[in-house]
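Close look at the chain arrangement
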Amino acid sequence: MSVQAWTFLFVAISFGVYLLIAWLSRVSDTSGFYVAGRGVPAIANGMATAADWMSAASFLSMAGMISTLGYTGGMYLMGWTGGYVLLALLLAPYLRKFGHYTVPDFIGDRYESNAARMVAVVCAIFISFTYVAGQMRGVGIVFSRFLEVDITVGVVIGMAIVFVYATLGGMKGITWTQVAQYWVLITAFLVPAIAISFKLTGHAVPQIGMGSSLLSDGIPLLEKLDGLHADLGFASYTQPFTGAWSRGNVFCVTLALMAGTAGLPHVIVRFYTVKTVRAARWSAFWALLFISLLYLTAPATAAFARYYMIDSLHGKTAAELPDWFHNWRRTGLILWLDDGDGRLSYTGDGDAERARANEVFRGGTLGATELVDIEVAHQRWLDSSGANGADGREVLRARGLSGPDQDIIVLATPEMANLAGWIIALVAAGGLAAALSTASGLLLVISSSVAHDFYFRIVNPAATEAQRLVLGRVVIGLAVVIAGLLGIFPPGFVSQVVAFAFGLAAASFFPAIVLGIFSKRVSTVPAMAGMIAGIVFTASYIIGSVYAGMPSWCFDIGPQGIGAVGMALNFAVTLLLAPFFPAPSRAVREMIESIHEPEGAGPALRIEAAPEH
Amino acid sequence: MREAPDTTTVDMRDPRVVEAIDRYWRRNVRIMVALLVVWAVAGLGCGVLFADVLNRFQLGGFPLGFWFAQQGSILVFLVLILVYALLLNRLDDQHHVELARIGSGAHPDSEP
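Below or above, wherever it landed, is the structure these notes cover. Everything quoted here is computed from the prediction, not taken from an experiment. (Residues numbered from 1 in each chain as written. Chains lettered and ligands numbered in written order. Predicted model: local features only at pLDDT ≥ 70, side-chain atom pairs only at ≥ 80, totals over all residues. Heavy atoms only, no water.)

**A short note on the overall build of chain A**
Put simply, the rule reads: By definition, any uninterrupted DSSP run of H or I lasting at least four residues is a helix, any uninterrupted run of E lasting at least two residues is a strand, and each is numbered from the N terminus. Computation of the radius of gyration draws on C-alpha atoms alone. For the globule rule, the value is 2.2 Å times the number of residues to the power 0.38. Residue contacts follow a heavy-atom distance rule, with two residues in contact if any of their heavy atoms lie within 4.5 Å. Note that accessible areas follow from Shrake-Rupley with a 1.4 Å probe, and for residues the cover is restricted to the protein chains shown.
Scanning chain A from terminus to terminus reveals 25 helices and two strands. Relative to its length of 613 residues, chain A is compact, with a C-alpha radius of gyration of 25 Å against a globular reference of 25 Å. Dimensions of chain A, computed from the C-alpha atoms along their principal axes, are close to 80 × 55 × 45 Å. Within chain A, residue pairs in contact and separated by at least 24 positions form 81% of the contacts whose partners lie at least 6 positions apart. Surface exposure of chain A reaches about 21,000 Å², of which carbon and sulfur atoms provide 66%.

**Description of the pattern of salt bridges**
This is how the line gets drawn: We define a salt bridge as a contact between a side-chain nitrogen of Lys or Arg and a carboxyl oxygen of Asp or Glu at a distance within 4 Å. Burial classes: relative accessible area under 20% of the type maximum marks a residue as buried, over 50% as exposed, and values in between as partly exposed (1.4 Å probe, protein chains only).
Within this structure, the stated rule accounts for 15 salt bridges over all chains. The partner of A:Glu593 in a salt bridge is A:Lys520, with the nearest N and O atoms 3.2 Å apart. Here A:Glu593 is found in helix H24 (residues 586-596), whereas its partner A:Lys520 is found in the loop between helix H21 (494-518) and helix H22 (524-547), with 73 residues between them in sequence. The salt bridge involving B:Glu98 is made with B:Arg23; its shortest N-O contact spans 2.1 Å. Here B:Glu98 is found in helix H3 (residues 64-103), whereas its partner B:Arg23 is found in helix H1 (residues 15-49), with 75 residues between them in sequence. Its relative accessible area of 16% is what places B:Glu98 among the buried residues. What emerges from the salt-bridge pattern is a single network uniting A:Asp105, A:Asp109, A:Arg117 and A:Arg457.

**Section: the interface of chain B and chain A**
Our working rule: Buried area: the accessible area, evaluated with a 1.4 Å probe, that two parts lose upon being put together, summed over both parts. Throughout this description, a polar contact denotes any pair of N or O atoms lying within 3.5 Å of each other; where both atoms belong to protein, one of them has to be capable of donating a hydrogen while the other can accept it, and for residues adjacent in sequence the pair is counted only when both atoms sit in side chains. For this classification, Asp, Glu, Lys and Arg are treated as charged, while Ala, Val, Leu, Ile, Met, Phe, Trp, Tyr, Cys and Pro are nonpolar and the rest, including Gly, are polar.
In this assembly, 46 residues from chain B lie in contact with 48 residues from chain A. In total, chain B and chain A occlude about 4,400 Å² of area from one another, counting both sides; carbon and sulfur atoms represent 72% of this. Seen at the junction of chain B and chain A, the total is three salt bridges. Inspection of the region where chain B meets chain A yields 15 residue pairs in polar contact (both at pLDDT 80 or more). The set of elements that each furnish at least two residues to the side of chain B that touches chain A consists of H1, helix H2 (51-54), strand E2 (62-63) and H3 of chain B. Per element, the largest residue contribution to the side of chain B that touches chain A is 24 residues, and it comes from H3(B). Across the side of chain B that touches chain A, the residue classes break down as 28 nonpolar, 14 polar and four charged.

**A word on the nonpolar core**
All names here are of chain A. To be explicit about the condition: To form a nonpolar core, buried Ala, Val, Leu, Ile, Met, Phe, Trp, Tyr and Cys residues must be joined to one another through side-chain atoms within 4.5 Å.
Among the nonpolar cores identified, the biggest contains 220 residues, and Trp53 and Leu91 are the most heavily contacted of them. Sort the elements by how many residues they give to this core and helix H13 (residues 277-313) lands first, with 20 residues. Residues within four places of tryptophan 53 in sequence aside, it is in contact with Ser58, Trp80, Tyr84, Tyr131, Thr261, Leu264, His266, Val267, Ile291, Tyr295, Thr438 and Phe502.

**Thoughts on the packing of helix H8 (residues 151-201) of chain A against helix H19 (residues 421-459) of chain A**
Residues and elements named next belong to chain A. Just so we agree on the cut-off: Lines fitted to C-alpha atoms define the axes here, with helix axes fitted over just the stretch in contact, and angles between the N-to-C directions of these axes take values from 0 to 180 degrees. Should the near helix be turned counterclockwise from the far one by less than a right angle, the crossing is left-handed, whereas a clockwise turn marks it as right-handed.
Look at H8 against H19: their axes get within 6 Å of each other, and the N-to-C directions meet at 145°. Our pair here, H8 against H19, has a crossing hand that is left-handed. Split by residue class, the contact of H8 with H19 holds 19 nonpolar, nine polar and no charged.

**Things to note about helix H11 (residues 247-263) of chain A**
For the record, the criterion: The span you would expect from a helix comes to 1.5 Å times its residue count less one.
If you check H11(A), its first and last C-alpha atoms are 24 Å apart, about what 17 residues at 1.5 Å a residue would give, namely 24 Å. H11(A) sits mainly inside the fold: 14 of its 17 residues count as buried.

**Here we look at the packing of H1(B) against H3(B)**
In a packed pair of helices, the relevant descriptors are the angle between the two axes and the axis-to-axis distance. All names here are of chain B. Heads up, the condition is: Between 65 and 115 degrees an angle is taken as roughly perpendicular, under 35 as roughly parallel, over 145 as roughly antiparallel, and anywhere else as oblique.
Axis separation between H1 and H3 bottoms out at 9 Å; the angle between their running directions is 175°. As summarised for this structure, H1 and H3 are arranged roughly antiparallel, according to the angle between their axes. Grouping the amino acids of the contact of H1 with H3 by side-chain chemistry returns 22 nonpolar, seven polar and five charged.

**Considerations on unusual backbone geometry**
Residue and element names in this part refer to chain A. In this model, glutamate 112 sits at a positive phi of 45°, which is unusual for a non-glycine residue. Within the secondary structure, glutamate 112 sits in the loop between helix H6 (103-110) and helix H7 (114-147). In this structure, asparagine 418 is a non-glycine residue whose phi angle is positive, near 55°. Secondary-structure assignment places asparagine 418 in the loop between helix H18 (408-416) and H19.

**Examining empty space enclosed by the protein**
All names here are of chain A. Going by this rule: Within this scheme a cavity is a closed region of a 1 Å grid, computed over the protein atoms alone, that accommodates a 1.4 Å probe without allowing it to escape, whereas a pocket is open but has protein on both sides within 12 Å along at least five of seven lines; lining residues each have an atom within 4 Å of a point. Grid points are joined across faces, edges and corners, and a volume is the space filled by probe spheres set on the points.
One pass over the structure, following the stated rule, counts four cavities of 30 Å³ or more. Lining of the largest cavity is provided by Ala188, Phe189, Pro192, Ala193, Ile196, Thr301, Val410, Thr413, Pro414 and Val427. The biggest single contributor to the lining of the largest cavity is H8, with five residues. Considering only residue class, the lining of the largest cavity consists of eight nonpolar, two polar and no charged.

**Topic: the packing of aromatic side chains**
All names here are of chain A. Just so we agree on the cut-off: Ring pairs shown here join Phe, Tyr and Trp side chains whose ring centres sit within 6.5 Å, with only the six-membered ring taken for Trp; geometry is labelled stacked below 30 degrees between planes, edge-to-face above 60, and tilted in between.
Within the structure shown, the criterion is met by 27 aromatic pairs over all chains. Centre to centre, the rings of phenylalanine 59 and phenylalanine 189 are 5.5 Å apart; their planes meet at 70°, and the pair counts as edge-to-face. Of this pair, phenylalanine 59 sits in helix H4 (residues 56-69) while phenylalanine 189 sits in helix H8, placing them 130 residues apart in sequence. The exposure class assigned to phenylalanine 189 is buried, which follows from its relative accessible area of 4%.

**Overview of the environment of A:Glu375**
Residue position: A:Glu375 is located in helix H16 (residues 368-383). Residues in contact with A:Glu375, not counting those within four places in the same chain, are A:Leu335 and A:Leu337.

**Brief notes about helix H5 (residues 74-98) of chain A**
Residue and element names in this part refer to chain A. To keep it simple, the criterion reads: Bend is computed residue by residue as the angle between axes fitted to the seven residues ending at the residue and the seven residues starting at it.
The terminal C-alpha atoms of H5 lie 35 Å apart, and with 25 residues this matches the ideal 36 Å at 1.5 Å per residue to within 8%. The largest bend along H5 measures about 50° and falls at leucine 87. Within H5, 25 of the 25 residues are buried, leaving the element largely enclosed by the surrounding structure. After H5 finishes, the residue glycine 99 shows a positive phi value of roughly 75°.

**Observations regarding a nonpolar patch on the surface**
Here is the rule we go by: Only residues above 30% relative accessible area that lack a salt bridge enter a patch, with like-charged residues linked at up to 9 Å and the nonpolar side chains Val, Leu, Ile, Met, Phe, Trp and Tyr linked at up to 5 Å.
On the surface, A:Met1, A:Leu9, A:Ile13 and A:Val17 cluster together to form a nonpolar patch covering roughly 380 Å² of accessible area. Residue position: A:Val17 is located in helix H1 (residues 3-24).

**Describing the environment of A:Asp311**
Tracing the sequence through the fold places A:Asp311 in helix H13. For the pair formed by A:Asp311 and A:Asp323, sequence separation is twelve residues and the distance between their alpha carbons is 14 Å.

Structural data, given as structure tokens:
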């Protein structure tokens, strides 16, 4: 069977399973729709959280980023897992005890303010749409590369599937579908990694293989990579704090990603879906266990892919280049613009001479016609020995498009290692599972923000159960369509905006929720002032440095890490103002006491006692 | 499910109950702070701040700082959450029993 036939088979089977689960877990009340009737076992919730969390970015891009960044890539690994410690220790059990539906619910009730609720709603919607756009791009890439269908058709198919199970089953349908999607994506990630590890090092466990010697020449893999990087002018693979990544910058990005992870609404809401406070703690453990299966493997995949990438490309002639290179060249994720000697040169930007010698590029956001123009001009430049046309290498380097696209690493590694067709096809199904599971969780946050937090809690508190359910379904339907459009017409700023989402979550939600849980003294005005200070500082810094070319004036911290400073600012403003304003009302203080304590007739128990379905 | 003696009749103004809840909260915070210190040392310390120093040492085929950044910190995080769940769920049980005992009229110190 061909790779494409295998891909069709896997994608069709997995989509069929998702639809079947959706039909089996359809719901008819708001509790089922928003929090799956709070009847999800901790271990299943852990799998669903893992699938919800591991997006197209984790599955497709993260190993690629690590492969490109080496040591520095570890900040994504530490940030996106370390956040779970904060989540498990500081937030999950208390929010479960609080026992409502959403993050704006907690902010609004704790700070007794619909203005605070509104700020939280707007942040939740912004973060979610930012994220969804990235997922849809992932769906498009997988469909266009593996099934050779148009990106638009691919996105429409993906959206149709999410539409069915999200509107039918709400959180319940999404949760059980995510459990299935977790297994699809983790199998798709582990199988190639194990196969490659065995092939390169003779060890079947990738985490051990990464620290072992290559079968080909007996040199330890990481030592080999450091050697190749030094020869070709790339920053060291294992040594920290090279180039723009100073100690302070890596620290801030790691911290911002950690706090951002703990503040992301689609992750927090998962801890509302379990039965008890103790189940919330266990489900945080299961979630990180399932996540770490992928996160511990990704750096190994990254190192293997880095080796293959350099080994199979550098110094080769067109005839010697492997098949995967030609396959992926068509997608624009990797390009070769020769200097006329007929041999590919893949070098880093360690010094100006090596940077000029590099011949490997990516298309980035350039359109197909622009790329063809550049390649044609480059060919003319070569043919005329520099008299006519333009050196395409200089054009692309000036646009910051040196080196292959990071998404190629996971997608093409099975081909680099010449693995069987069905393994390559599995990666396609896994990429789709990762993108769809995250998209559906985010769509539910958007739906609950509008239908529950905005409509029911602010506009019309007298709305009936049936009205709220209809509105929830309509909003999720609309959100699917908007997300689909974002996937078909991707805004060019998506990748920068994701940093924005984390920075914003770290600078707004995280301090407000933590202080809301642990302080009985912080009241509305200081918390609002803190949130606004955090959001305004972080947003203006990111927008300023990404769009307006503002220098990184704050201790040289880049836009990705500034959320850590915004978070500190939020905490500082809130705590400094708190003593000057009256303490929260008696009702709020009692609510805080009740969430500190796992026993007693708090709101969670009342909801627990309510009849289900 | 564990056996659940009824604690809904516990009088929240009873000084023994207030004291029990205070004690529970102090223990909870102590466990949390201790685990967060480990979190900061393993993740932000070994993984980032001291990574270059640790890289002078080798662990198997890995420079140690690099290993912490890409493997070790994640393993530590996982153990931290496991320990937290075990300790806190046990603390919850003790607290539950304590409250149930107060509710049933027995003196909290009358049994071991």
